[in-house]
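Breakdown of the fold
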Amino acid sequence: LADTLADSRDRFFAAAPPPSLYPSAGSGVDVTFIVGTLTLANPVMPASGCFGPELGRLIPVRELGATVTKTVFAGARGGNPAHRLSELAAGMVNSVGIPSRGPAGYLRALHPAYQALGVPTIISVGGHRPQEYAPVVAELLGAGDAYELNVSCPNLERGGTDIGADPHDLRDVVAAVRAETDKPIIVKLPSMISSMPDCARAAEDAGADALCVANSLPSLPIDPLTRRPALGNRIGGLSGPAIRPVVLRLVWLASTAVTIPVIACGGIEAADDALEYFSVGARAIQVGTASFARPFAAVDIARELRARCEAAGVREIAELTR
Amino acid sequence: MLRPPELTPRAEPTWDDALVVEHEVIDGYYHRLVLHSPSITGRATAGQFVMITVPSDGGATVLLPRPMAIHRRRVDTGNLEVIFSVLGRGTAALARIAPGDSLLLTGPLGRGFELPAGAASVLLIAHGSGICAVMTVAEDARAAGMTTSAMLSTAFRSTALGEPDCRELGIDAVFVAEDDGSNTIGLITADLRQRFDTSPPSVIMVCGSGALARAAVALGQRWRTPVQVSVEAHMACGLGYCHGCAAPVATRADEEGPLVCRDGPVFDGYVVA
């Protein structure tokens, strides 16, 4: 029976490099990614909202550098009405609205499943006002290995005026969370931002350990048949390969403005896309939309980046782009 | 409540590079693909679906996979079948798939149709490609010794989608169509009342049309029969982690409602129709 039920997933799991090769033993290749006090075995992780513990059954999650949770908000929230998705030629627009059970609900219902995946858990934290973030981190009671502050989700009620687009608000948020925890803080910045260098520096000055650039692009897709908004919430966030050149520019601006590492997030489907981001200064990447069509996309990229380093005889991924 | 609690745990989904064994074009409109995936075929229950990743087609890529109901399970050969019509870029690309190609499938997914304990007979009501979502029920019903009847509606009389399956599975089916005016709700309801008022089915399973689902619920109320309805939604992941496929039901502001992929696609007809 085991033979008849064999499938491609089993072969993909079996193709995992032996644990001794991870992160860097012996081969001379070092793909580790350091964010604050945390060292990830490799620089590949899922984008918040595009991963769940369900994927632990489908892909060898232990080959990722970390997992990133869906954003946890202060209160419980149900998310947006249907439709929540609209697909375009090279991207998708979502207005999921980030359903959340609040910190206590997350700890009870989700965190154990994330912990069981065997890699560090980065908990995404959100808020509607700057003062909401630190209490959420406090209520998480030290759970998680790092926090990613979602100061940028463009599809919530504040359409267009994200907290993270204002350097002063951003500084307040990061400073308050810094006072609450010693764990690494990643700040995920909005894609629509008047000055990326100013916001990046504000986050760094207030104590962020890394930046994640960037969140999806605020969008308003129209149903071509009805000429009415295609999404229940009208406004959504555009992701996928369509936004890669936009985010490449943002990553370049951010990485030249700060000394903390920049994690790139935007339309990465393959190792070559990741290397585009490394070439403009990123030191880690997140994979989101690509996982929907190819659940194993992020693991594939992690394997490929390492294999490229070995084949080229270089020590670090960044050397592949020089 | 959208469904009673699940009595048996669902099989874990997997993904598989499935060989395309056969591609039949039905009446120039529908496409039937036979896909070889013993692991997904062997684990699928009635009414479940697969996500099909659309292969890149001459450089053009389709970003999201397409959810498709499992039309037939052939456990002996490890083949499953899906049926679709060309609606957009994704299905247009899938319509160019040839035998010998392979397709990335993820499945089996979702909570499908469930035959109630002690059921003696089942009535299938479906329209268009929704017909392929209910055939697996007939497979189970036959194995359990139940009788299956069906009211199947298509756009064109000449298509009679599902006709070979009904013959193979011994389904007592009536075919109606839009082009000859035989598929109006009034005619369908009158026919079903005539056939079943004296001896109603144990359960009604519906897919493919909101109007048919509402008509089925009206009949279910008349006959005191449960109605299960399979619904469609735009999906990205098919597993539940993207939260993209909110079910079409009223929900609270502070609690997420059911997802079509994870909590459905089959729901209690009295709630969703």
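So, how was this worked out
Residues numbered from 1 in each chain as written. Chains lettered and ligands numbered in written order. Predicted model: local features only at pLDDT ≥ 70, side-chain atom pairs only at ≥ 80, totals over all residues. Heavy atoms only, no water. Contact = heavy atoms within 4.5 Å. Buried area = accessible area lost by both parts, 1.4 Å probe. Polar contact = N/O pair within 3.5 Å; in protein donor to acceptor, adjacent residues only side chain to side chain. Helix = DSSP H or I, 4+ residues; strand = E, 2+ residues; numbered from the N terminus. Nonpolar A, V, L, I, M, F, W, Y, C, P; charged D, E, K, R; others polar. Core = buried A, V, L, I, M, F, W, Y, C linked by side-chain atoms within 4.5 Å. Buried < 20%, exposed > 50% of the residue type's maximum accessible area, 1.4 Å probe, protein only. Axes fitted to C-alpha atoms, helices over the stretch in contact; angles between N-to-C directions. Parallel < 35°, antiparallel > 145°, perpendicular 65-115°, else oblique. Left-handed = near helix turned anticlockwise from the far one by under 90°. Pairing = 2+ DSSP bridges. Right-handed = clockwise from strand over helix to strand, strands pointing away. Disulfide = S-S within 2.5 Å.

Below, the discussion takes up the interface of chain B and chain A. Each partner contributes to the interface: chain B provides 36 residues, whereas chain A provides 42 residues. Buried surface at the junction of chain B and chain A, summed over both partners, amounts to about 3,200 Å²; 61% is from carbon and sulfur atoms. The largest share of the area that chain B buries against chain A comes from W15(B), L63(B) and Y241(B), three residues that together contribute 29% of it. Where chain B touches chain A, the interface holds 17 residue pairs in polar contact (both at pLDDT 80 or more). When residues of the side of chain B that touches chain A are traced back to their parent elements, those giving at least two are β1 (14-26), α1 (38-43) and β7 (102-109) of chain B. Here the element with the most residues in the side of chain B that touches chain A is β1(B); it accounts for four residues. When its residues are assigned to classes, the side of chain B that touches chain A shows 17 nonpolar, nine polar and 10 charged.

Let us look at the nonpolar core. Of all hydrophobic cores here, the largest spans 125 residues; its most connected members are L149(A), V187(A), L211(A) and V213(A). Apart from residues no more than four positions distant in its own chain, V213(A) is found in contact with L189(A), M196(A), V247(A), L250(A), V251(A), A254(A), V262(A), I263(A), A264(A) and C265(A). Ranked by size, the runner-up nonpolar core spans 30 residues in total, among them Y30(B), A119(B), A126(B) and A138(B).

All right, on to the packing of helix α8 (residues 271-279) of chain A against helix α10 (residues 297-312) of chain A then. Residues and elements named next belong to chain A. It is at 9 Å that the axes of α8 and α10 come closest, and there the two elements cross at 65°. Comparing their axes, α10 and α8 come out roughly perpendicular. Remark: the crossing between α8 and α10 carries right-handed chirality. Here A271, D272, A274, L275 and F278 of α8 come into contact with α10, specifically with I301, E304, L305 and R308.

Residues and elements named next belong to chain A. Residues A284 and Q286 of strand β14 (residues 284-287) are buried on one face, and the alternating residues I285 and V287, pointing to the opposite face, are buried as well. Across three bridges, strand β3 (residues 44-46) lies against β14 in parallel orientation. The partner of M45 across the bridge, within β14, is Q286. Inspection of the sheet shows strand β13 (residues 262-265) paired to β14 by three bridges, in the parallel sense. Note that in β14 the partner of C265 across the bridge is Q286. Regarding topology, α8 serves as the crossover connection from β13 to the parallel β14, and that connection is right-handed.

This part covers the state of the cysteines. Residue and element names in this part refer to chain B. Applying the stated criterion to the full structure yields zero disulfides over all chains. The closest cysteine sulfur to the non-disulfide-bonded C166 is located on C132, 12 Å from its own sulfur. Among the residues examined, C166 registers a relative accessible area of 4% and is labelled buried.

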